[in-house]
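Each chain, letter by letter, is given below.
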Amino acid sequence: MALVDYITNKPIIKTDRLTLRPMCKNDIPDLREWMSDESLYTYWGKKPSKSEKNPELLFEKTEKPTKSFHLGIEESASGKVVGDIWVYLIENDRMASVALRIAHDYQRKGYGTEALSAMTRFCFEKTELKRLWTKVDVRNTASQKMLEKCGYIREGLIRQGKMVNTWCDYYIYAILSSDLKD
Ligand SMILES: CC(C)(COP(=O)(O)OP(=O)(O)OC[C@H]1O[C@@H](n2cnc3c(N)ncnc32)[C@H](O)[C@@H]1OP(=O)(O)O)[C@@H](O)C(=O)NCCC(=O)NCCS
């Protein structure tokens with residue numbers, strides 16, 4: 001399989017406790033519980049958007065088909081969508097950015113690490129991607145720990161760079177397909 005094969009058929013990725021899968025209108029009540037929580041955006045570089053405050057808006061427009069992924073993170077035990085994860089800014093099918101968030105009440109259970117590890121493995125094993133990377137605010141220790149647990153390497157510090165809509169000091173974290181252990 002290659003990225004092009006997932007343009008219309010987005011992947012479903014299962015882990016011990018989670019399923020990463022496309023979201024649908026049935027998920028709106030779950031998303032309403034956490035998507036507008038401002039604490040999720042402290043180091044995200046922006047405030048919740050109109051559609052994050054009103055998740056029904058997310059499903060009003062048909063999205064243009066792209067190679068990017070935006071999947072919900074479903075907790076198997078409850079069947080609830082407790083977070084979401086992106087693989088985006090894909091360049092030449094070789095490099096892409098990752099981002100994810102986990103609802104406050106479901107944090108510190110290892111879900112972030114479990115979701116990101118599974119998505120990373122999927123990208124390197126089932127697509128042509130060779131490098132995944134992200135920007136992390138230097139104050140976002142939760143994200144740094146999670147990325148390091150998933151094998152991402154801190155490559156450098158950007159001073160007062162642009163993070164979505166704000167300017168801050170941030171680290172670049174990245175992992176190469178060749179870094180992945182069996
Ligand atoms: C970053 C985030 C996804 C981590 O999700 P999570 O499910 O809580 O992560 P995990 O439970 O897998 O924890 C990973 C590590 O971070 C640590 N950690 C989690 N939250 C923490 C916090 N608030 N402060 C310090 N360490 C924290 C955990 O203890 C764990 O380390 P350990 O195994 O050594 O104890 C979550 O905090 C979040 O959604 N934050 C807001 C959005 C965001 O900043 N996303 C990152 C953008 S890339």
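Here is what the cut-offs are and how they apply
Residues numbered from 1 in each chain as written. Predicted model: local features only at pLDDT ≥ 70, side-chain atom pairs only at ≥ 80, totals over all residues. Helix = DSSP H or I, 4+ residues; strand = E, 2+ residues; numbered from the N terminus. Rg over C-alpha atoms; globule rule 2.2 N^0.38 Å. Buried ≥ 20, exposed ≤ 12 C-beta atoms within 10 Å, placed from the backbone. Near = placed C-beta within 6 Å. Nonpolar A, V, L, I, M, F, W, Y, C, P; charged D, E, K, R; others polar. Pairing = 2+ DSSP bridges. Core = buried A, V, L, I, M, F, W, Y, C linked by C-beta atoms within 7 Å.

A. Spatial organisation of the overall build of the chain. The helix and strand inventory of the chain stands at four helices and eight strands. Seen in sequence order, the chain has helices and strands lined up from the N terminus as β-β-α-α-β-β-β-α-β-α-β-β. The C-alpha atoms of the chain give 16 Å as radius of gyration, which agrees with the globular expectation for 182 residues (16 Å, within 12%). Structurally, the chain occupies a C-alpha span of about 40 × 40 × 30 Å along its principal axes. Counting all 182 residues of the chain, 28% fall into the buried class.

B. Layout of the site of the ligand. Contacts to the ligand come from 23 residues, most closely from Q107, G112, T113, A142 and K145. When contributions to the shell around the ligand are tallied by element, the ones reaching two or more residues are β5 (95–102), α3 (111–126), β6 (131–137) and α4 (141–149). When residues of the shell around the ligand are assigned to their parent elements, the largest contribution, six residues, is made by α4. Residue composition of the shell around the ligand, by class: 10 nonpolar, eight polar and five charged.

C. Layout of unusual backbone geometry. With a phi close to 50°, L89 is a non-glycine residue in the positive phi region. Looking at the secondary structure, you find L89 in strand β4 (residues 81–91). Backbone geometry places Q160, a non-glycine residue, at a positive phi of 45°.

D. Inspection of the sheet that holds β4 at higher detail. Read across the sheet, eight strands follow the order β1-β2-β3-β4-β5-β6-β8-β7 without closing on themselves; strand pairing throughout is mixed. The sheet terminates laterally at β1 (13–14) and β7 (153–163), the two strands that pair on one side only. As paired elements, β6 and strand β8 (residues 166–176) share seven bridges and run antiparallel to each other. Residue pairing in the sheet places L132 in a bridge with I175 of β8.

E. Structural detail: the pairing of β4. Alignment of strand β3 (residues 69–75) against β4, held across six bridges, turns out to be antiparallel. Bridge pairing in β4 places L71 opposite I85. In sequence, β3 turns back onto β4 through a hairpin of five residues, with G79 there showing a positive phi of about 75°. Sheet analysis places β4 next to β5, joined by seven bridges and oriented antiparallel. Bridging across to β5, E91 finds its partner in M95. From the end of β4 to the start of β5, which pair antiparallel, there are three residues, and N92 there has a positive phi angle of about 50°.

F. Inspection of the pairing of β8 at higher detail. Pairing geometry for β7 and β8, over eight bridges, is antiparallel. Bridge pairing links K162 to W167 in β8. In this antiparallel pair of consecutive strands, β7 and β8, the connection spans two residues, and V164 shows a positive phi of 55°.

G. How the structure looks around the environment of F59. Here F59 shows up in the loop between α2 (50–53) and β3. C-beta crowding within 10 Å serves as the criterion here: with 16 such atoms nearby, F59 is assigned to the partly exposed category. Taking the C-alpha atoms as reference points, F59 and K25, separated by 34 residues in sequence, lie 6.4 Å from one another.

H. Structural context of the nonpolar core. If you look at the biggest cluster of nonpolar residues, it comprises 35 residues, and the most contacted ones within it are L20, I73, I85, V98, A115, L116 and M119. Looking at this core, the element that brings in the most residues is α3, giving six residues.

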